[in-house]
Amino acid sequence: MDIRFMHPADQIVTIMNRLYYYGMTTTTGGNLSIKDSDGHVWISPSGVDKGNLRRDDIIEILPDGTIKGIHKPSVEYPFHLHIYQVRPDLHAVLHAHPPALVAFSVVRKIPDTSIYPDAHILCGSIGMAKYALPGSEKLGQYIADAFKEGYHAVMLENHGVVIGADDLFSAFMKFEALDYCAQLEINACTIGTPQGIPLEKIEYYHQKVMPRPDAFVLKECSSEERALRRDMCNLISRAYDNRLFTSDQGTFSCRLSNGDFVITPHAQDRKYLTSEDLVHIKNGMAEMGKLPSRAYAIHAEIYRRNPDIKTIINAHPPHIMAFAVTHNDFDARLIPESYIALRKIKRFSIEDSHLYPEKIAQAISLQSPVAMVENDCVITAGTSPLNAFDRLEVMEYSAKSVIEAMRLKQSIVPISEGEVDEIETAFHLK
Ligand SMILES: [Zn+2]
């Protein structure tokens, strides 16, 4: 589903629902607007329950200032209009106060997106606007001044964040990525010191474009493939709901019995993926008219080396990634279940993932089914979609447990080598 073709009022309702039901705004906080091709600004209303917003609740502001609608516009509408005045390239503005970004806003610090390069590429440099009373002319001026400098994301002191973009879904993706970075940096600071990637390296990796695979025409789709695509879509949607994937990040592939595999598409909203969006890969070629996730080549290599691996997932959930961005190993000897699912986790540099992906592919097997790539992702492999998905969940939840244990300010007692030996014998892991 591409919301960009919806009416502006419907887009605002859809994105506001997504903000509210994923814990990124409260019933009264946050506001969204769209400037349409006629210069009319559509904006969320003031004082209406964000959990129950309908199309008719959205307010339209005409270019001459006339306000049309059954409610008052958001009290923050002056700053939305200010931004559109100084930045004619922007057609959507998103403002919200999610807890992690408010944490940065009250210590007046900008989240460091260099710890997760994909977010840096998406959000660009981030500005900061001085504190002023909500709804005031002064606040509008401070925010507009920051946007005048060319930013697409501006933090507000003791308030929250404002994102501007070409359309509302792009604004949401930038917002989600920045909020994710804020959560990640907070988690990372609990266990160590986050390590940023130098900006010139981020640019270098970004410009190193993967060659586009050759295409083939998929003539028929077997019942086995149809069932697999359906099961994959269910788990991808669950991964999004459980915050294991974000809108445009998270790769999921499954192998078919003939050795081909099916994988997520590149940069398509993970929340609404349907069976026909997934991409069939055959002998290194991709289904005609579709672009697979960038990780398709490394998945192909892992499948080639391991006939028993049926599913591979790349993801970057915010607790296990705290280890990946502080360059700390993750020890899975926490509870027997976490060790059984994860075993010894190998760690690779972001350079390996961009320049030597075969090194990572060589390290993954059913005896060593999980890997971590610094500042980039974690990879899990399994004998079925549910098996690899379970490993991803166990890894994220186990990392969360370690971070929570550190907040208890007590030392973690790992399961001993002798006890690990006993688990490996009992569960036939050797
Ligand atoms: Zn606000």
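From a predicted model like this one, the values you see are computed outputs, not experimental measurements.

**Description of the overall build of the protein chain**
Consideration 1: The helix and strand inventory of the protein chain stands at 15 helices and 17 strands.
Consideration 2: In terms of overall dimensions, the protein chain is globule-like: its C-alpha atoms have a radius of gyration of 23 Å, near the 22 Å expected for 430 residues.
Consideration 3: In the protein chain, which comprises 430 residues, the proportion classed as buried is 47%.
Consideration 4: Pairs at least 24 apart in sequence give 68% of the contacts found in the protein chain among residues at least 6 apart.

**Describing the environment of P78**
Consideration 1: Checked against the element boundaries, P78 lands in helix α2 (residues 77–86).
Consideration 2: Each C-alpha atom of the pair P78 and G135 lies 6.7 Å from the other, and the pair is 57 residues apart in sequence.
Consideration 3: Discounting residues that sit within four places of it in the chain, P78 has contacts with G135, E137 and G140.

**Thoughts on the environment of E419**
Consideration 1: Tracing the backbone through its elements, the reader meets E419 in helix α15 (residues 417–426).
Consideration 2: Overall, E419 belongs to the partly exposed group, with 13 C-beta atoms counted inside 10 Å.
Consideration 3: Residues E419 and R333, 86 residues apart in the sequence, show an inter-C-alpha distance of 9.5 Å.

**A few points about the domain arrangement of the protein chain**
Consideration 1: When its domains are assigned, the protein chain resolves into domain 1 (3–199) and domain 2 (217–426).
Consideration 2: Placing a centre on the C-alpha atoms of domain 1 and another on those of domain 2 gives a separation of 31 Å.
Consideration 3: Each partner contributes residues to the interface: domain 1 has 19 residues there, and domain 2 has 18 residues.
Consideration 4: Of all elements in the fold, only α4 (117–123) and α6 (168–191) reach the threshold of two or more residues within the side of domain 1 that touches domain 2.
Consideration 5: Broken down by element, the side of domain 1 that touches domain 2 gets its largest block of residues, 10 residues, from α6.
Consideration 6: Classifying every residue of the side of domain 1 that touches domain 2 gives 11 nonpolar, six polar and two charged.

**A short note on the sheet that holds strand β11 (residues 261–263)**
In sheet architecture, strand pairing relies on hydrogen bonds along the backbone and comes in two forms, parallel and antiparallel.
Consideration 1: Strand order across the open sheet formed by nine strands is β9-β13-β12-β11-β10-β14-β17-β16-β15, with mixed pairing between neighbours. The open sheet has two free edges, formed respectively by β9 (215–216) and β15 (346–348), since each of these has just one partner strand.
Consideration 2: Where strand β12 (residues 279–282) lies against strand β13 (residues 285–287), two bridges are found, and the strand directions are antiparallel. Across the sheet, I281 pairs through a bridge with A286, a residue of β13.

Here is what the cut-offs are and how they apply
Here, residues in each chain are numbered from 1, in the same order as that chain's written sequence. Residues qualify for local features only when their pLDDT is at least 70, as the model is predicted, and side-chain atom pairs are given and counted only at 80 or more; totals for whole chains, interfaces and linings, by contrast, use all residues. Where helices and strands are cited, they refer to DSSP runs of H or I of at least four residues and of E of at least two residues respectively, numbered from the N terminus. Here the radius of gyration uses the C-alpha set of atoms, whereas the globule reference equals 2.2 Å times the residue count to the power 0.38. To sort residues by exposure, count the other C-beta atoms lying within 10 Å of each residue's C-beta; 20 or more gives buried, 12 or fewer gives exposed, and values between give partly exposed, all with C-beta atoms placed from the backbone. Two residues qualify as a contact pair if the distance between their C-beta atoms, derived from the backbone, is within 7 Å. By convention here, the domain bounds are inherited from an automatic or database domain assignment. By the convention adopted, Pro, Cys, Tyr, Trp, Phe, Met, Ile, Leu, Val and Ala count as nonpolar, Lys, Arg, Asp and Glu as charged, and the other residues, Gly among them, as polar. Pairing between two strands is assigned when DSSP locates at least 2 bridges connecting them.

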